Amino acid sequence: MPPDSDLSSGDDVYVFPRYLAGLPGHADPSFDPVAHWPHHYPETGPCQLVVASPDHRIRIGWFGDDYDTWVISAAEDPVSPPRWTARINHTTPPEIVAGLTRALADEWAEDSNAFLTQPVYWTTGIRPLLDAGWKRNPPRHGFVDIVAPDGLAGASIDIVTPDPDAETVTLWAGPPGVATRAEAVFTARTPSHLIAATAAALADPTPVIRSRTTLHPRLAELAQLTPVEPPKPAVPTPLDVRRAAAARRPTALPASTARRWTTSTPPPPAHPAARPGLRR
C-alpha cells in the first residue's frame, strides 16, 4: 500500500502496518470474540470490565486508565491463582489483542484444558513472525530477538529464566516511549499456540482503520496512511445497458382506433364510380 500523507479527503485512514495504529479510544475488537461470555463491571478498583469464560477459568480484564490496559489470565479453577498471565499495554492495537481472545474463545470448553496445559515452546510462539519474513537476531545475554523488516516491531524471548511465573516473551511494536511502544508480555507457562495466535495478529499485513485524530504524531509519521474513501459506483457493462434499454421498451403495442388490414384479410369491395346524371 503506498504511503499517502494527504489526508484532506477525510478523517478516517487505513494504517499500515497495523502494529503502528495504536489504541483508537476503545477496545471493541479485542472483546468481539468473547462478546457472548459473561461481563462483569467492578464497582471499585482500577479494573473497569472483566469478561470471563462461563466457568470463570479464563478472565480478560480491561484497565482503561492503566499502563497495562488488558490483563488476561487462565487458571485451573475459578479460585486458583493464574497459571499464566498476559499483560498488554495501552498502546497496543485491539486488533492484535483479538488474536489472543479469539484463540481463547475458540478453544474454551468446560471439559478442555488446552488453554492451560498445551506445550510451551518459544520457537512455536514466534513461528508466525518467521513465516512472515521477520528476522532472528543473534542471541544477547540469554535473550532471542525477532525483528520485523522495518525494525519497528519484534519479539524478545527470555530463554534462561527458570521461574515459571517470569515474564519470558514480549511482543512489541513502535519506537521507544510510553506513548508509542506497544507491548504484550506473557509469563513463562503461557501455551505457545496462544502466543503464536497473538504473534500472527501482530504480523498480519491487513491494515486497520483509524481516525487520524487518535493517532500519535510519531506513529502517524512512521506508518503508511491512506484515506478511507467511499466506494465508487460500478460502471455499467454493455449487458447492463442492453437490459436497461429492454426494461424501458413497452411490452405491447398500444391499441389503435384505425382498422389494420393484413394479408389474411380480404380487401373491401370496390365501389362503382358514380355515373353522371342524364341530360335532357
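The present account deals with the structure reproduced in this document. Not measured: the values here are computed from a predicted model.

### Quick notes on the sheet that holds strand 1 (residues 12–16)
So, step 1. What the 3 strands build is an open sheet, ordered 12-1-13; its pairing is antiparallel. Two strands close off the open sheet at either side, each with one partner strand: strand 12 (208–211) and strand 13 (224–227). For this sheet the average axis-to-axis angle between neighbouring strands, irrespective of direction, equals 40°.

### Re the layout of surface pockets
So, step 1. Empty space within the largest pocket amounts to approximately 190 Å³.
So, step 2. Lining of the largest pocket is provided by 20 residues; of these, V120, W122, T168, V169 and A188 occupy positions nearest its centre.
So, step 3. For the lining of the largest pocket, the secondary structure elements donating two or more residues are helix 4 (122–125), strand 9 (153–158), strand 10 (167–173) and helix 6 (192–203).
So, step 4. Tallied by class, the residues present in the lining of the largest pocket amount to 12 nonpolar, 6 polar and 2 charged.
So, step 5. Along its surface, the second largest pocket is lined by 13 residues, and F16, P17, Y19, W134 and A203 are the ones closest to its centre.
So, step 6. In the lining of the second largest pocket, the residues fall into 10 nonpolar, no polar and 3 charged.

### Description of empty space enclosed by the protein
So, step 1. Per the stated rule, a full pass over the model turns up 1 cavity of 30 Å³ or more.
So, step 2. Counted as a void, the largest cavity has a volume near 60 Å³.
So, step 3. Every residue along the wall of the largest cavity is listed here: T92, P93, I96, L171, W172, A173, A182, E183, A184 and L202.
So, step 4. Mapped onto the lining of the largest cavity, the elements with two or more residues apiece are strand 10 and strand 11 (182–187).
So, step 5. Partitioning the lining of the largest cavity into residue classes produces 8 nonpolar, 1 polar and 1 charged.

Calculation rules
Residues numbered from 1 in each chain as written. Predicted model: local features only at pLDDT ≥ 70, side-chain atom pairs only at ≥ 80, totals over all residues. Heavy atoms only, no water. Pairing = 2+ DSSP bridges. Helix = DSSP H or I, 4+ residues; strand = E, 2+ residues; numbered from the N terminus. Axes fitted to C-alpha atoms, helices over the stretch in contact; angles between N-to-C directions. 1 Å grid on protein atoms, 1.4 Å probe; cavity = no way out; pocket = protein on both sides within 12 Å on 5 of 7 lines; lining within 4 Å. Points joined across faces, edges and corners; volume = space filled by probe spheres on them. Nonpolar A, V, L, I, M, F, W, Y, C, P; charged D, E, K, R; others polar.

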